[in-house]
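# Summary of the model geometry
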Amino acid sequence: MTDHWIYSFTWQEVLLAAGILILFLVFRKLFTIYIFRLILTLSRKAPTDLVTNILLAFERPVRSFFVFIGFYLALIYLPFPAEFDALFLRVFRTLVIVHIAWGLFNLSASTSTVFSKVGRKLDIEFDQILLPFLSKLVRFALIAMALSIIADEWGYNVSGFVAGLGLGGLAFALAAQDSIGNFFGGVIIITEKPFTLGDWIQTPSVEGVVEDISFRSTKIRTFADSVIVVPNSTLANEPIENWAKMKKRQISYSLNVEYGTSRDKLRICVERIDKMLRSRKDIDQELIIVRFNDFNESSLGIFLYLFTVTTQWEEYMKVREDVNLEIMKILEEEGVSVAFPSRSVYMANDKVIEEQKGSL
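Residues numbered from 1 in each chain as written. Predicted model: local features only at pLDDT ≥ 70, side-chain atom pairs only at ≥ 80, totals over all residues. Heavy atoms only, no water.

## Observations regarding the sheet that holds strand 5 (residues 241-242)
Applicable threshold: Two strands form a pair only when DSSP identifies at least two bridges running between them. Comment: elements are numbered from the N terminus, with helices defined as DSSP H or I runs of at least four residues and strands as E runs of at least two.
Read across the sheet, five strands follow the order 4-3-2-1-5 without closing on themselves; strand pairing throughout is antiparallel. Because the sheet does not close on itself, it has two edges, and the strands there are strand 4 (227-231) and strand 5.

Below you can see the structure in the form of structure tokens.
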């Protein structure tokens, strides 16, 4: 049977309904240009920028909501049959949920200051990895919550649906073991904070600079300028050496001089090298060891153990080069030569000694 109720609308009712819609469209324009900007200007003078962030997050949802309010009021003004009132109300309530979720979704962006405010209250430090990760998690929860509320609004049994998931939950968990392991691996990395974005790390499987971390994996740019994507479960179960956490950088080696060096010369060289290192501002003064410590097979060993103040690779190499040149200068001034690996062969018949010398 064909319904003819739509033909019962008078031109006055239609025009008045259209006027209601136009009124809200005009009010939306005025709100955007004048009222919202005024409120935003006043909020920026407040001691905290939290209110400003909330206003910016809800700006577009509020502008959109004015349009839907106009449509809703225009529709309920028209003399639709009574059964349509419940439908219109349900649609309106759904749009309210969508727009609130939309604003909260914008507010939970990783660039929002809300997380930092909450972190200060709870004494939690959000770094460059934790913030995007937590933002994605909150946004996922917001979408899931909004969908469940909308489904319940339209009469779907959400609790029954969730309970029904338990039947396939075990099979799903078994099929998604790797994904679940990667997710919890990411959680471990986030909470323990062995590194952050931009850190130079080294593991048994990869070495490079951390570029990004997601629910499943971590992206690391190697020194060959390629990108390696490592599953979080793998990374969480490996020893991680974070070179970016160094407060100083180690220099350690043995300086071998010839056996013909006298005891006095050797002592003077050790003392001068130690004094030279302790006078340098680019060498950390907390621990410097320069000691004659070994009688090697073909040399006398002077052990050097020290740290540079800088941890940057290029600066570290420059400091190391300068130290080596200063040591060479001291050895030259004292007439001490660096030892070459050598082997002596004794001929029993003619008592000739042959010395074979090679390069370092």
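## Looking at the environment of Thr310
Condition: Summary of the burial criterion: residues with accessible area below 20% of their type's maximum are buried, those above 50% are exposed, and those between are partly exposed, where the area comes from a 1.4 Å probe applied to protein chains only. Here a residue-residue contact requires only that any non-hydrogen atoms of the pair lie within 4.5 Å.
Relative to the helices and strands, Thr310 is located in the loop between strand 8 (300-308) and helix 10 (313-334). Taking the relative accessible area as the measure of exposure, Thr310 reaches 14% and is therefore buried. Sequence separation between Thr310 and Lys248 is 62 residues; the distance between their C-alpha atoms is 6.0 Å. Contacts of Thr310, omitting those with residues within four sequence positions, involve Arg249, Glu315, Tyr316 and Val319.

## Concerning helix 9 (residues 263-278)
Convention followed: Take the residue count of a helix, subtract one, and multiply by 1.5 Å to get its expected span. Note: the arc covers the axis-to-C-beta directions of the helix.
An ideal rise of 1.5 Å per residue puts 22 Å on 16 residues; helix 9 measures up with 23 Å between its terminal C-alpha atoms. Leu266, Cys269, Val270, Ile273, Asp274, Met276 and Leu277 are the residues of helix 9 that are buried. Looking straight down helix 9, one finds that the buried residues subtend no more than 160° of arc, so they occupy a single side. Those residues of helix 9 that are buried lie in contact with strand 6 (249-257), strand 7 (289-295), strand 8 and helix 10.

## Remarks on the side chain of Thr261
Which entries qualify depends on this criterion: Pairs of N or O atoms within 3.5 Å make up the polar contacts considered here, provided that, within protein, one atom can donate a hydrogen while the other can accept it, and that residues adjacent in sequence are counted only when both atoms are side-chain atoms.
Looking at the element boundaries, Thr261 is found in the loop between strand 6 and helix 9. For Thr261, a relative accessible area of 14% puts it in the buried group. Polar contacts involving the side chain of Thr261 include one to the main-chain carbonyl oxygen of Glu258, which spans 2.9 Å. Beyond its immediate sequence surroundings of up to four residues, Thr261 is in contact with Leu266, Leu300 and Val336.

## Observations concerning the nonpolar core
Operational definition: We call a set of buried residues a nonpolar core when its members are Ala, Val, Leu, Ile, Met, Phe, Trp, Tyr or Cys and they connect through side-chain atoms within 4.5 Å of each other.
Within the largest apolar cluster, 23 residues are counted, with the highest numbers of intra-cluster contacts made by Ile273, Leu277, Ile302, Leu304 and Ile327. Only strand 6, helix 9, strand 8 and helix 10 provide two or more residues apiece to this core. Setting aside residues no more than four positions away along its own chain, Ile302 makes contact with Tyr253, Ser254, Leu255, Val257, Leu266, Val270, Val290, Arg291, Phe292 and Asn293. Listed in part, the nine residues of the second largest apolar core include Ile189, Ile213, Val230 and Leu235.

## Structural notes on the pairing of strand 3 (residues 217-221)
Looking at chain direction, strand 2 (residues 207-213) and strand 3 are connected through four bridges and run antiparallel. Note that in strand 3 the partner of Asp212 across the bridge is Lys219. The hairpin formed by strand 2 and strand 3 contains three residues between the paired strands. Two elements, strand 3 and strand 4, share five bridges in a ladder whose sense is antiparallel. Residue Lys219 lies in a different strand from strand 4, and its bridge partner there is Val229. Here strand 3 hands over to strand 4 after five residues, with Asp225 in that stretch at a positive phi of 70°.

## Here's the deal with a nonpolar patch on the surface
Selection rule: Residues with no salt bridge and a relative accessible area higher than 30% make up the patches, which join like charges within 9 Å and nonpolar side chains (Val, Leu, Ile, Met, Phe, Trp, Tyr) within 5 Å. Computed with the Shrake-Rupley method and a 1.4 Å probe, the accessible areas treat only the protein chains shown as cover for residues. One speaks of a salt bridge when a side-chain nitrogen belonging to Lys or Arg is within 4 Å of a carboxyl oxygen belonging to Asp or Glu.
Together, Ile22, Val26, Phe27, Leu30, Ile33, Tyr34 and Ile35 make up a nonpolar patch on the protein surface, roughly 620 Å² of accessible area in all. Looking at the secondary structure, you find Phe27 in helix 1 (residues 11-43).

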